[in-house]
Amino acid sequence: MLPAMADDDYSAQLSWQSQSKDNLKVLMDNFSPQQYDRFEAYRRHALPKQAVRKVIQGATGQQISQPVAQIVAGFSKVFVGEIVEKARQVQARRGDTGPLSPDHLREAYRMYQEETGRVGAARPLRGKRLFVR
């Protein structure tokens, strides 16, 4: 039998959840219409867990559990969001309009690597690289 959660712990958790919701509401109230549309699209979409499992299993040659696939899908979604946001900045800096181009994404990825250090495997996986012409 699991021990019951202390009242103090439960009230602290409820307080934290309430504060998180309030912070998100303040953030969303300050979004421009374009940012709000992008955020809503970001919240609605998810990477398919089964496809993520297949990619990981193909890369590692090992079976992985569903929770691991969910974690990797979550991190991947954040990574994609960061790259898209940087690509939007590149697009604005260049004065381009319309949809993002592969050049915007390549430059965003280059900037991301510059800011965070080397991204990806320590050694290239069979010569595969992201965003290469």
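Conventions and cut-offs
- Residues numbered from 1 in each chain as written.
- Predicted model: local features only at pLDDT ≥ 70, side-chain atom pairs only at ≥ 80, totals over all residues.
- Heavy atoms only, no water.
- Helix = DSSP H or I, 4+ residues; strand = E, 2+ residues; numbered from the N terminus.
- Axes fitted to C-alpha atoms, helices over the stretch in contact; angles between N-to-C directions.
- Parallel < 35°, antiparallel > 145°, perpendicular 65-115°, else oblique.
- Left-handed = near helix turned anticlockwise from the far one by under 90°.
- Contact = heavy atoms within 4.5 Å.
- Nonpolar A, V, L, I, M, F, W, Y, C, P; charged D, E, K, R; others polar.
- Phe/Tyr/Trp six-rings, centres within 6.5 Å; stacked < 30°, edge-to-face > 60°.
- Lys NZ or Arg CZ within 6 Å of the ring centre and 35° of its normal.
- 1 Å grid on protein atoms, 1.4 Å probe; cavity = no way out; pocket = protein on both sides within 12 Å on 5 of 7 lines; lining within 4 Å.
- Points joined across faces, edges and corners; volume = space filled by probe spheres on them.
- Expected span 1.5 Å × (residues − 1).
- Buried < 20%, exposed > 50% of the residue type's maximum accessible area, 1.4 Å probe, protein only.
- Salt bridge = Lys/Arg side-chain N within 4 Å of Asp/Glu carboxyl O.

Let's talk about the overall build of the protein
Then comes step 1: Within the protein, the secondary structure is distributed over five helices and zero strands.
Then comes step 2: Element order for the protein, N to C, with α for helix and β for strand: α-α-α-α-α.

Topic: the packing of helix H2 (residues 33-44) against helix H4 (residues 66-94)
Then comes step 1: Where H2 meets H4, the closest approach of the two axes is 12 Å, and the angle between their N-to-C directions is 160°. The angle between the axes of H2 and H4 places the two elements in the roughly antiparallel class. Handedness of the crossing formed by H2 with H4: right-handed. Within the contact between the two elements, H2 uses Arg-38, Tyr-42 and Arg-43 and H4 uses Lys-77, Val-78, Glu-85 and Arg-88.
Then comes step 2: For the contact of H2 with H4, the residue count by class is two nonpolar, no polar and five charged.

Side note on the packing of aromatic side chains
Then comes step 1: With the rule as written, the count across this model stands at three aromatic pairs.
Then comes step 2: Relative to Tyr-112, the ring of Phe-79 has its centre 5.3 Å away and its plane inclined at 80°; by these criteria the two rings are edge-to-face. Separated by 33 residues along the polypeptide, Phe-79 in helix H4 and Tyr-112 in helix H5 (residues 102-116) bring together distant segments of the chain.
Then comes step 3: If you follow Lys-77 out to its NZ or CZ, it ends over the ring of Tyr-42, 4.6 Å from the centre.

Notes on the layout of surface pockets
Then comes step 1: Taken as a whole, the second largest pocket encloses approximately 490 Å³ of empty space.
Then comes step 2: Residue lining of the second largest pocket: 15 residues in total, with Arg-38, Phe-39, Tyr-42, Gly-81 and Glu-85 positioned closest to the centre.
Then comes step 3: For the lining of the second largest pocket, a count of residues per class yields eight nonpolar, three polar and four charged.

Looking at H5
Then comes step 1: When the terminal C-alpha atoms of H5 are compared, their 21 Å separation across 15 residues agrees well with the 21 Å that a helix rising 1.5 Å per residue should span.
Then comes step 2: Listed in full, the buried residues belonging to H5 are His-104, Glu-107, Ala-108, Tyr-109, Met-111 and Tyr-112.
Then comes step 3: Contacts from the buried residues of H5 go to H4.
Then comes step 4: At the exit of H5 stands Gly-117, carrying a positive phi of roughly 95°.

Let's talk about the packing of helix H3 (residues 49-60) against H4
Then comes step 1: Two numbers describe how H3 lies on H4: the axes approach to 9 Å, and their chain directions differ by 95°. Between H3 and H4, the angle is such that the two are roughly perpendicular. The residues of H4 that touch H3, namely those facing Lys-49, Gln-50, Val-52, Arg-53 and Ile-56, are Gln-66, Ala-69, Gln-70, Val-72 and Ala-73.
Then comes step 2: Looking at the contact of H3 with H4 residue by residue, the class counts come to five nonpolar, three polar and two charged.

Here's the deal with the pattern of salt bridges
Then comes step 1: Tallied over the entire structure, the rule returns seven salt bridges.
Then comes step 2: Connected through salt bridges with shared partners, the residues Arg-93, Glu-107, Arg-110 and Glu-114 form a single ionic network.

Points about the environment of Ile-64
Then comes step 1: With respect to the helices and strands, the residue Ile-64 is situated in the loop between H3 and H4.
Then comes step 2: Ile-64 sits in the buried class, given a relative accessible area of 14%.
Then comes step 3: When the C-alpha positions of Ile-64 and Arg-53 are compared, they lie 6.8 Å apart, and in sequence the two are 11 residues distant.
Then comes step 4: Apart from the residues lying within four places of it in its own chain, the contact partners of Ile-64 are Arg-53, Ile-56, Gln-57 and Ala-69.

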